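Summary of the model geometry
The lines below spell out each chain.
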Amino acid sequence: MTLLSTSAQAAPPPRRQARFRLRKEALVGWGFAGPFVAVFGLVFLAPIGYALYLSLFQDRLIGGTSFVGLDNYGEALTDPRFWDGLVRVGLFLLVQVPVMLGIALLAALAIDSGRLYGKTFFRVTIFLPYAVPAVVAGLIWGFMYGTQFGLVGNINDALGVSLPDPLSPSLVLASIGNIVTWEFVGYNMLIFYSALKVVPRSLYEAAAIDGAGEWRVVRSVKLPAIRSALVIATIFSIIGSFQLFNEPSILQKLAPNAITSDFTPNLYTYSLSFSGQQHNYAATVAIVMGVLTAIIAYAVQLRGMRKG
Amino acid sequence: MRTHTTRRLLGALSVLATLTLTATACGSDASDTGAGDSGPKDINAALEKGGKVTVWAWEPTLKKAAEDFEKKYPKVDIELVNAGTGDKQYTALQNAIAAGSGAPDVAQVEYYALGQFTIAKSVEDLSPYGAQRYGTSFTSGPWNAVTEDKAIYALPMDSGPMAFFYNKKVFDKHHIKVPTTWDEYVEAARTLHKADPKIFITNDTGDAGATTSFIWQAGGRPYQTDGTNVTINFGDEGTQKYAATWQKLLDEKLVAPVSSWSDAWYKGLADGSIATLSIGAWMPANLTSGVASASGDWRVAPLPQWTKGDKVSAENGGSSLAVPKAAKNKELAYAFTEFATTGAGASARVAQGSFPATRADLESKAFLDTKFPYFGGQQANQIFAESARNVGADWSYLPFQVYANSIFNDTVGKAYVSSTKLTDGLKAWQDASVKYGKDQGFTVNK
């Protein structure tokens, strides 16, 4: 009886304490997460929210600002200048990303094979372009592409040939692809190479005992082992392609007629906002583009992670 | 696995954020910030009281004007800020006006861009301050550009009457006479390029400013603006005259595919492979500093004519000083604007190399007699001054010319790199400009 009563009396305090501890733990938790949440909200959620807000209005030189609901979205979805740009980066993506990742993968496998002389030098050289800012890379390549006074022009003069103009409307997309590949092969190579480094060596030994040759090991051991790295690199590259801005924007000064103000969706957003003061419509295009990028990147991830 | 997905989702979201950041970097509501008080302005009282005037400009000779002004009115502090050149400055200005804070008291605005600020009523009408009295002090082109009906939205700071700059060394070597008509110009282009395939008569990759100036000289008046009523028509005779001639140059690949102000351009001007420029009278300073090695090679001549024997010219570039409605101390701002653009202030700036928009300076003996060592001692100002007198009247730009110029290469530019004809390109430019004008609430006629 006494026992029961004491236990009955003793029971509540721990529960109260637990609840108190829980609240205190929550507070401590927020203490850790708070700074991140604050910064995240400020520089991340707030701009998106503001862009969404902007996209619901129209600001005109005559008549000022008015609420237009989803009109801007309707316009964006039927805007040929936006879709042309999207198709252009889509084409860019389909050609440039496989080429770039293929080269990066080959380089990573070559370094990992251990049969390469001067491996560190090789690795650093391939990675080096990534350290060059995109704007500088655009300028360097822009100079080399020049048919009047650039490298291409010099080659033409020296050899008496006439190479096609890399900055002509038909070639400029490929020329940009070349710059982007040059810039990011090293970066992707490092991702692949680090993934290869953590593959247990015992797998290779087992494969060797089973009598697998070098190519068989690559196909059946190495590639499956770095599958998630491949998927991540692909997603990053897709996002990067849709964000294409720096390189065309730099080359635009050299080839203003080949690279139009709506060459890529990002460039289009920029010109809408900064040349035409169409901030509301620019916000709309940016949101549509962001959603499309997210959907495509997510679809690729789902597909890539699906077990064979 | 789950955390991976979330992290990657966040990655995708961050893309969204960076994308939207570009769009949100600038404000939106371009509403009138009010504060448009009118009535008699006591400028002297303001000058005695003193204060600070912030000036956004990139024009170098204003530095001297600011120093002189401060010497004359010690209580006034002029702060010169280079907020970017051209478009960059206009964007910053537009944003500051829209945000309602941070706008300067005085801003440099090129003539072609002024309409964008007057139509939105974001610059002060300077006539209540007494600016009308300068109606006859400035040359007609610039004055026409800053006035609308009775309002005076800015005071002209400099001007750019066009002239023909040519490389005499190259011309002499190939025995070419200086062209006096555009037909002779095309002939000279052919002869030069035939004699040496590396030499082009000029460079052109499609420049809205140059094209509109040529159309202006040819008598075309594609833009008509009456308040919010705008007419855009590139079908007129002057435009067609320009397009027909320029089409020949493009078809025969007689112009160098080099963009102005690029490194290749400076190189071409220096080594003689770009043999001439038809450009504003502000060019000598740029040649002297940017193409120093070709000093002595170049000369100046009047612009070739569309009809033999004519003496018609046009403006190319040039800026004004405007007082934003959002300026804090408008009386002081006006006082500085007046000082820097008229009388002794303007003359001091001309002595520093600015090209005058004031009649008095244009007609002064010292100015006309100036010898340019760069042009082999030629008194080039006499040609420029003559050109300033002959600028074709009644030209107007669009109230949204900054935007229109930004899409020039998307439309007209096609004629430079494909089989599209210039006239078709101009038609496309017209259509795109009409669409923008309508979207922005203007009544647009074709």
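Residues numbered from 1 in each chain as written. Chains lettered and ligands numbered in written order. Predicted model: local features only at pLDDT ≥ 70, side-chain atom pairs only at ≥ 80, totals over all residues. Heavy atoms only, no water.

Thoughts on the overall build of chain B
When its secondary structure is counted, chain B shows 21 helices and 15 strands. Classification of the 446 residues of chain B by burial places 57% in the buried group. Once local pairs closer than 6 in sequence are excluded, the contacts in chain B between residues at least 24 apart make up 76%. Surface summary for chain B: the accessible area is close to 18100 Å², and the carbon and sulfur share equals 53%. Measuring between centres, the 44 positive side-chain charges of chain B sit 4 Å from its 47 negative side-chain charges. (Helix = DSSP H or I, 4+ residues; strand = E, 2+ residues; numbered from the N terminus. Buried < 20%, exposed > 50% of the residue type's maximum accessible area, 1.4 Å probe, protein only. Contact = heavy atoms within 4.5 Å. Areas by Shrake-Rupley, 256 points an atom, 1.4 Å probe, with all protein chains shown as cover. Lys, Arg positive; Asp, Glu negative; His and termini not counted. Charge placed at Lys NZ, Arg CZ, Asp CG, Glu CD.)

With respect to the nonpolar core
In terms of nonpolar packing, the biggest core is built from 111 residues, with Val 109, Ile 232, Tyr 242, Trp 246, Phe 336, Leu 422 and Trp 429 of chain B touching the most fellow members. If you look at the next biggest cluster of nonpolar residues, it comprises 56 residues, including Leu 86, Val 172, Leu 173 and Met 289 of chain A. (Core = buried A, V, L, I, M, F, W, Y, C linked by side-chain atoms within 4.5 Å.)

Overview of helix α14 (residues 343-351) of chain B
Residues and elements named next belong to chain B. Of all the positions in α14, only Gly 345, Ala 346, Ala 348, Arg 349 and Val 350 are classed as buried. Packed against the buried residues of α14 are α3 (62-72), α13 (330-341), α15 (359-363) and α16 (365-369). Positive backbone phi, at 115 degrees, marks Gly 353, one or two positions downstream of α14.

What about the sheet that holds strand β10 (residues 229-232) of chain B?
Residue and element names in this part refer to chain B. Pairing is mixed across the open sheet formed by 3 strands, whose spatial order is β9-β10-β15. Unpaired on one side and paired on the other, β9 (223-226) and β15 (443-445) mark the two borders of the sheet. With direction set aside, neighbouring strand axes in the sheet form an average angle of 15 degrees. Sheet topology note: the β9/β10 ladder contains 4 bridges and is antiparallel. Of the residues in β10, the one forming a bridge with Gln 224 is Thr 231. (Pairing = 2+ DSSP bridges. Axes fitted to C-alpha atoms, helices over the stretch in contact; angles between N-to-C directions.)

Description of the pattern of salt bridges
Under the defined criterion, the tally for this structure stands at 22 salt bridges over all chains. A salt bridge links Arg 81 of chain A to Asp 410 of chain B, with the nearest nitrogen and oxygen atoms 3.3 Å apart. Taken as a pair, Arg 81 of chain A in helix α4 (residues 80-112) and Asp 410 of chain B in helix α19 (residues 408-411) lie in two separate chains rather than in one. Since its relative accessible area comes to 24%, Arg 81 of chain A is described here as partly exposed. Among the salt bridges present, the one from Arg 190 of chain B reaches Glu 187 of chain B, with a minimum N-O distance of 2.8 Å. Taken together, the residues Arg 190 of chain B and Glu 187 of chain B, both in helix α8 (residues 182-195) and 3 residues apart, mark about one turn of the helix. Taking relative accessible area as the criterion, Arg 190 of chain B reaches 28% and is therefore assigned partly exposed. (Salt bridge = Lys/Arg side-chain N within 4 Å of Asp/Glu carboxyl O.)

Structural notes on the pairing of strand β2 (residues 76-81) of chain B
Residues and elements named next belong to chain B. Strand direction decides the pairing type here: strand β1 (residues 51-56) and β2, joined by 6 bridges, are parallel. Residue pairing across strands places Lys 52 opposite Asp 77, the latter belonging to β2. Remark: the β1/α3/β2 crossover connection has right-handed handedness. (Right-handed = clockwise from strand over helix to strand, strands pointing away.)

Digging into the UniProt feature "transmembrane region" (unreviewed entry) in chain A
All names here are of chain A. The positions UniProt marks with the feature "transmembrane region" (unreviewed entry) are residues 26-53, 89-109, 121-144, 171-193, 225-245 and 281-300. As annotated, residues 26-53 comprises 100% helix and 0% strand, and the C-alpha atoms at either end are separated by 33 Å. Within residues 121-144, the helical portion is 92% and the strand portion 0%, while the C-alpha atoms at the span's ends are 25 Å from each other. (UniProt positions renumbered as here; feature names shortened; annotations may be inferred.)

Notes on the side chain of Gln 89 of chain B
All names here are of chain B. Residue placement: Gln 89 occurs in helix α4 (residues 87-99). At a separation of 3.0 Å, a polar atom in the side chain of Gln 89 contacts the main-chain carbonyl oxygen of Gln 108. Excluding residues that lie within four positions of it along the chain, Gln 89 makes contacts with Trp 56, Ala 57, Trp 58, Ala 83, Gly 84, Ala 107 and Gln 108. (Polar contact = N/O pair within 3.5 Å; in protein donor to acceptor, adjacent residues only side chain to side chain.)

Things to note about the confidence of the model for chain B
Here chain B averages 88 in pLDDT, while 91% of its residues score no lower than 70. Our summary of model confidence lists the complex with pTM equal to 0.83 and ipTM equal to 0.80. (pLDDT = per-residue confidence, 0-100.)

Some remarks on the sheet that holds strand β3 (residues 106-110) of chain B
Residue and element names in this part refer to chain B. With respect to topology, 5 strands assemble into an open sheet ordered β2-β1-β3-β14-β6, the strand pairing being mixed. Edge positions in the open sheet fall to β2 and β6 (155-156), since each of these has one partner strand only. In the packing of α4 onto the sheet, the strands contacted are β1 and β3, and the crossing angle to β3 comes to about 135 degrees.

Notes on the packing of helix α10 (residues 237-251) of chain B against helix α21 (residues 422-439) of chain B
Residues and elements named next belong to chain B. Two elements in contact, α10 and α21, have axes separated by 9 Å at closest approach and are oriented at 125 degrees. Judged by the angle between their axes, α10 and α21 are oblique. Contacts between α10 and α21 pair Thr 239, Gln 240, Tyr 242, Ala 243, Trp 246, Gln 247 and Leu 250 from the former with Leu 422, Thr 423 and Leu 426 from the latter. For the contact of α10 with α21, a count of residues per class yields 6 nonpolar, 4 polar and no charged. (Parallel < 35°, antiparallel > 145°, perpendicular 65-115°, else oblique. Nonpolar A, V, L, I, M, F, W, Y, C, P; charged D, E, K, R; others polar.)

Things to note about the packing of aromatic side chains
Taken as a whole and assessed by the stated rule, the structure comprises 54 aromatic pairs over all chains. With centroids separated by 5.5 Å and ring planes inclined at 45 degrees, the aromatic side chains of Phe 127 of chain A and Tyr 130 of chain A adopt a geometry described as tilted. Here Phe 127 of chain A pairs with Tyr 130 of chain A, and both are found in helix α5 (residues 119-131), just 3 residues apart, close to one helical turn. For the pair Trp 216 of chain B and Tyr 397 of chain B, a centre-to-centre distance of 6.4 Å together with 85 degrees between the ring planes defines the contact as edge-to-face. (Phe/Tyr/Trp six-rings, centres within 6.5 Å; stacked < 30°, edge-to-face > 60°.)

Concerning the side chain of Ser 275 of chain A
With respect to the secondary-structure elements, Ser 275 of chain A resides in the loop between α13 (265-274) and α14 (279-305). Given the relative accessible area of 16%, Ser 275 of chain A is considered buried. Residues within four places of Ser 275 of chain A in sequence aside, it is in contact with Tyr 270 of chain A together with Val 402, Tyr 403 and Ser 406 of chain B.

Quick look at the environment of Thr 264 of chain A
Residues and elements named next belong to chain A. By the secondary structure assignment, Thr 264 is in the loop between α12 (246-251) and α13. With 180 residues separating them along the chain, Thr 264 and Asp 84 place their C-alpha atoms 8.1 Å apart. Setting aside residues no more than four positions away along its own chain, Thr 264 makes contact with Gly 85, Val 89, Leu 244 and Pro 248.

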